[in-house]
Structures are given as structure tokens and as C-alpha cells.
Amino acid sequence: MSNESYKEDTQFVHRGRDPAAYEGVGNPPVVRSSTILYPSLAAYEDAGHKYRYGRTGNPLSDQFEQAMSVLENGYGAISAPSGLSAITTALTAFLNFGDHLLVADNTYPPTRSFCDHVLKNYGVEVEYYDPLIGAGIAELIRDNTAVIYMESPGSDTLEIQDVPAITKVAREKGVLTMIDNTWSAGILFKPLDYGVNLSIQAATKYISGHSDVNLGFVVADNEAHYKHLKNKAVLLGICAGGEDMYLALRGVRTLKMRMKQAGENALKIAQFLQTCPEVTNVLYPALPDDPHYKLWRRDFTGANGIVSFILQPSSKEAKRIFIESLKLFPIGSSWGGYESLIKPQNPKTCRSAVPWTEKGALLRLQVGLEDPDDLIEDLSQGFGAFRGVL
Ligand SMILES: *Cc1c(COP(=O)(O)O)cnc(C)c1O
């Protein structure tokens, strides 16, 4: 259904499917394709033939990419087999030998590793910037600056960037901007409406939402950027699995409800953590006393289930006892699924522009769809165990 006048909730139900094309079947079937058959030599030799080979697209990838492009208010999208491969494809597509790249200091650590261990080797100058820089980014832009890469809120530490201030400068100076928009899932923030050229997501997180898929995509703001991106993705051999795209499209049907619930649960957890003497700081932009609340309020329409907090300085053993005494927060690296998780993170090891000065350990909670009262009780008993070994 192409009627864009419907409100977003309504569109979520209908986007990325075409029952008439499949004898009325509501959900598009999983398409598994490598070989595409041509009816004639003329069709084979026609460069405009719709599907040429499974790697470069099929009806299901078209449905998924269109749905993601509409979600992000873009022109077109490419899909990739993981969130990280979507990021590396976007960066590779728009950077050349000798270019200068500006990357937010709080970016997802594997993105940083790609910049440091791959892009640098290919002659790209990588510079990390203070995520709170805003319009001050102008001073870092050089003649050879090709891309500004943002992530807001930043992974684990959740600082909000002034995206429109950065894109205004970038557009004046002719620099392309990209953002990792995984936190918002394209629901809570629409980066392209704020002047960003490419929005990238790990559909692994909220979009698929059930901890069973690695998948990514990049949405471009206009035809020229989309075509360039698609050409490079084909050259790099990037394509996503049919089963994964099917599951992600299914996730989209309930995405908004799941995010809303996770956001409500997380706010309760964040408010509870603020009352705990074992916690010295709670990082969650939807808390009115969070330093990033104002910008979050201005640009975002909600918050998700990620709550980070700083544990009061303690021994390694006390931290271990706290984490391992939790029953409803298993240790796990991903987020955006239905289940709550905890993950220790050390921002000191992945910062260079702005030093990380918190003394206690940073623990990141992914708050899931459990009853928040149960989660709070579990954290309470965990802090009890922690106090016992302090
Ligand atoms: C998880 C994540 C990714 C990478 O997704 P994968 O599918 O695991 O490669 C990228 N960016 C952010 C912010 C993430 O949290």
C-alpha cells in the first residue's frame, strides 16, 4: 500500500507487503534466490532487467528496503547482512584515499575499530570529535573532509548530539553526513528530516526485536546518494539473507508497541536507579535532570529500553557479585529484544577526543518487556548482595 497520507501506526501494518502479488498471502514469503531465470536472450542482455542475480536484489529485498526507506523518510535503501556491514558499506562507499573522516567519539566500538583498523590502512584520515561539539564542528572541517559520522545517543554513554547544528555546517561546507540511528529504530528520531544524508541501522536491534537476527540497512536521502550507495554495495558483494529480512519485516508490525513499552519500563528502572545509594549516576536522556534531556526533548519523540548507570566505586568482586546475582538480567551484548540484559562496558578503552572520567563501573541495562516491578525487585536484591561484599 503506497498511501503515505495514513498515520505512521497505520502504515506499519501495511508497509513492505503486497498480498495481491502472492495470491492474497498477507506476509511476503521468504525469497531464497541466487539464480534468476531469463525468458529470452533479449531479456538477459537488457541492462534494465529488474532482477539479474540473487545477490543484487529480489522481490523480498525490495519490500524490506522500501519499508525501511519509508520509515526513515528517505529516497531509497540498501540492505546488508549485519548492522556493522551496513555501517562499513556506507563508509566505504563515500570515502576515498586521502579523505578526512570525522567520527563521534562515543560511536559504537566496532565502528571505531573498523575506522582504526581498516579505513586508516586504506589512506583515510580518521579524527574523533567531541559528541557535544554542535556547530563547533566547523573548526574541524578541512579541505579534504568528506564525511561526518554521527551516532546519537552514543553507544552505552547516551550523549545526544545537536544533529541539526552539525548538518547545517556540513551542508554549507559540502560534507556528507551519516548517522547510526539504531537507538531510535527510525521511530523516535528521523535524521533525514534534520538534514542528515544517510541513516544507518542495525535491524538486529528493535526492528527485528526478537534476538534472532543480524541485519542492517542504509537509507539515502536522494537519488544520487542512493545510486552511488547501491553501486558500491553491489561492488562489495553486500546482500542480506531472505529469512532475516522476512523476520525484520514481521518485527516492523509490532515495532512501535514494543518500543513504547520498553521505553516506559526503562524510565521506571532509571527513576528507581536514581534512588539507589549504590548508583552514582544514571545515564538516560529521558530523565529530566539528564544533561542531554533538552536536546532529546527537542529532536526525539520517545526513549528506548537502554539505561546505563555507574556503580559506586567498588572491588571487581563486588561488581561480579552484583551482576551474577541478578536473575532477570542475563549478561548479553545485544539489545532491542524482548528480554532484559546487562552488559559491563568500559568507555575508557574506546574514547580519544574526550576522556571518560567516571570512577565507577558503567553497566548497561537493556530493559525488556517483563513487568518493571519484577525487574526493580531483582535489581534491589542484586544491590543487597553487592552491599554484603563491599
Ligand atoms: C548492534 C549495533 C550495531 C551492529 O549491528 P550488528 O548486526 O550486530 O552488526 C551497530 N550500531 C549500534 C548502535 C549497535 O548497537
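Residues numbered from 1 in each chain as written. Predicted model: local features only at pLDDT ≥ 70, side-chain atom pairs only at ≥ 80, totals over all residues. Heavy atoms only, no water.

J.: Any details on unusual backbone geometry? Residues and values, ideally.
T.: Following serine 152, the chain continues to proline 153 via a peptide bond in cis, the omega torsion being -5 degrees. With respect to the element layout, proline 153 can be found in the loop between strand 4 (145–151) and helix 6 (163–173). Residue aspartate 156 is not a glycine yet carries a positive backbone phi of 70 degrees. Look at aspartate 156 and you get buried, because its relative accessible area is 6%. (Helix = DSSP H or I, 4+ residues; strand = E, 2+ residues; numbered from the N terminus. Buried < 20%, exposed > 50% of the residue type's maximum accessible area, 1.4 Å probe, protein only.)

J.: Talk me through the site of the ligand; I want residue IDs and the actual numbers.
T.: Around the ligand sit 14 residues, and of these Gly83, Leu84, Asp180, Thr204 and Lys205 come closest. Residue leucine 84 places a main-chain N or O atom 2.8 Å away from an oxygen atom belonging to the ligand. Taking tryptophan 335, its side chain carries an N or O atom lying 3.1 Å from an oxygen atom of the ligand. When the ligand sits alone it has 380 Å² of accessible area, and the protein chains cover 90% of it. (Near = heavy atom within 4 Å. Polar contact = N/O pair within 3.5 Å; in protein donor to acceptor, adjacent residues only side chain to side chain. Areas by Shrake-Rupley, 256 points an atom, 1.4 Å probe, with all protein chains shown as cover.)

J.: Before we move on, can you summarise the pairing of strand 7 (residues 216–220) with the specific residues and values?
T.: Within strand 7, 5 of the 5 residues are buried, which leaves the element mostly enclosed by the surrounding structure. Of the two faces of strand 7, the one lined by Gly216, Val218 and Ala220 and the one lined by Phe217 and Val219 are each fully buried. As defined by bridge partners, strand 1 (residues 76–80) adjoins strand 7 across 5 bridges and the pair is classed as antiparallel. Bridge pairing links alanine 77 to valine 219 in strand 7. (Pairing = 2+ DSSP bridges.)

J.: Explain the packing of helix 4 (residues 83–94) against helix 7 (residues 223–236) to me, using residue names and the numbers behind them.
T.: Contact pair helix 4 / helix 7: the axes reach a minimum separation of 9 Å and the direction vectors enclose 110 degrees. By the angle between their directions, the pair helix 4 and helix 7 is classed as roughly perpendicular. Judged by residue contacts, Thr89, Ala90, Thr92, Ala93 and Phe94 of helix 4 engage His225, His228, Leu229, Lys232, Ala233 and Leu236 from helix 7. Classifying every residue of the contact of helix 4 with helix 7 gives 6 nonpolar, 4 polar and 1 charged. (Axes fitted to C-alpha atoms, helices over the stretch in contact; angles between N-to-C directions. Parallel < 35°, antiparallel > 145°, perpendicular 65-115°, else oblique. Contact = heavy atoms within 4.5 Å. Nonpolar A, V, L, I, M, F, W, Y, C, P; charged D, E, K, R; others polar.)

J.: Can you break down the packing of aromatic side chains residue by residue, with the values?
T.: As enumerated under the stated definition, the model contains 12 aromatic pairs in all. Seen in terms of ring centroids, phenylalanine 189 and tyrosine 194 are 5.0 Å apart; in terms of plane orientation they differ by 40 degrees. Their pairing is tilted. Residue phenylalanine 189 is classed as buried on the basis of its relative accessible area of 1%. Pairwise contacts between aromatic rings join Trp183, Phe189, Tyr194 and Phe300 into one cluster. In this structure, arginine 15 is placed above the aromatic ring of phenylalanine 12, and the distance from its NZ or CZ to the ring centre is 4.7 Å. Between the NZ or CZ atom of arginine 52 and the centre of the ring of tyrosine 44, over which it lies, the distance is 5.9 Å. (Phe/Tyr/Trp six-rings, centres within 6.5 Å; stacked < 30°, edge-to-face > 60°. Lys NZ or Arg CZ within 6 Å of the ring centre and 35° of its normal.)

J.: Break down the environment of leucine 247 for me, citing the residues and quoting the values.
T.: Of note, leucine 247 is situated in helix 8 (residues 242–274). For the pair formed by leucine 247 and alanine 203, sequence separation is 44 residues and the distance between their alpha carbons is 10.0 Å. In contact with leucine 247, not counting residues within four places along its chain, are Ser208, Asp212 and Val213.

J.: Just give me the short version of the packing of helix 8 against helix 11 (residues 372–389), but keep the residues and values in it.
T.: For the pair helix 8 and helix 11, the least separation of the axes is 10 Å and the interaxial angle reads 30 degrees. Between helix 8 and helix 11, the interaxial angle falls into the category roughly parallel. Relative to helix 11, helix 8 is oriented so that their crossing is right-handed. For the pair helix 8 and helix 11, the contacting residues are Asn265, Lys268, Ile269, Phe272 and Leu273 in the first and Pro372, Leu375, Ile376, Leu379, Ser380 and Phe383 in the second. (Left-handed = near helix turned anticlockwise from the far one by under 90°.)

J.: An account of the nonpolar core is needed here, citing residue identities and associated values.
T.: Ranked by internal contacts, the top residues of the largest apolar core, which has 84 residues, are Ile148, Ile207, Leu273, Phe322, Leu379 and Phe383. No other element matches helix 8, which puts 14 residues into this core. In terms of nonpolar packing, the next biggest core, distinct from the first, is built from 29 residues, Phe94, Leu101, Val147 and Ala233 among them. (Core = buried A, V, L, I, M, F, W, Y, C linked by side-chain atoms within 4.5 Å.)

J.: Requested: an account of helix 11, with residues and values cited.
T.: The end-to-end C-alpha distance of helix 11, which contains 18 residues, comes to 26 Å, matching closely the 26 Å that a straight helix rising 1.5 Å per residue would cover. Listed in full, the buried residues belonging to helix 11 are Pro372, Leu375, Ile376, Asp378, Leu379, Gly382, Phe383 and Phe386. For helix 11, the buried positions fall inside an angular range of 160 degrees around the axis, keeping them on one side. Exposed residues lying more than 90 degrees from the buried face of helix 11 are Asp373, Glu377 and Gly388. Where helix 11 starts, the residue carrying a side-chain oxygen 2.8 Å from the main-chain nitrogen of aspartate 373 turns out to be aspartate 371. (Expected span 1.5 Å × (residues − 1). Arc of directions from axis to C-beta.)

J.: Which residues make up the sheet that holds strand 10 (residues 341–345), and what values go with them?
T.: Strand order across the open sheet formed by 4 strands is 8-9-11-10, with antiparallel pairing between neighbours. Single-partner strands in this sheet number two, and they are strand 8 (279–283) and strand 10. Going from strand to strand, the sheet's axes swing by 25 degrees on average, the running direction of each strand aside. In the packing of helix 10 (residues 316–325) onto the sheet, contacts are made with strand 9 (306–311), strand 10 and strand 11 (362–366), and the angle to strand 10 comes to roughly 160 degrees.

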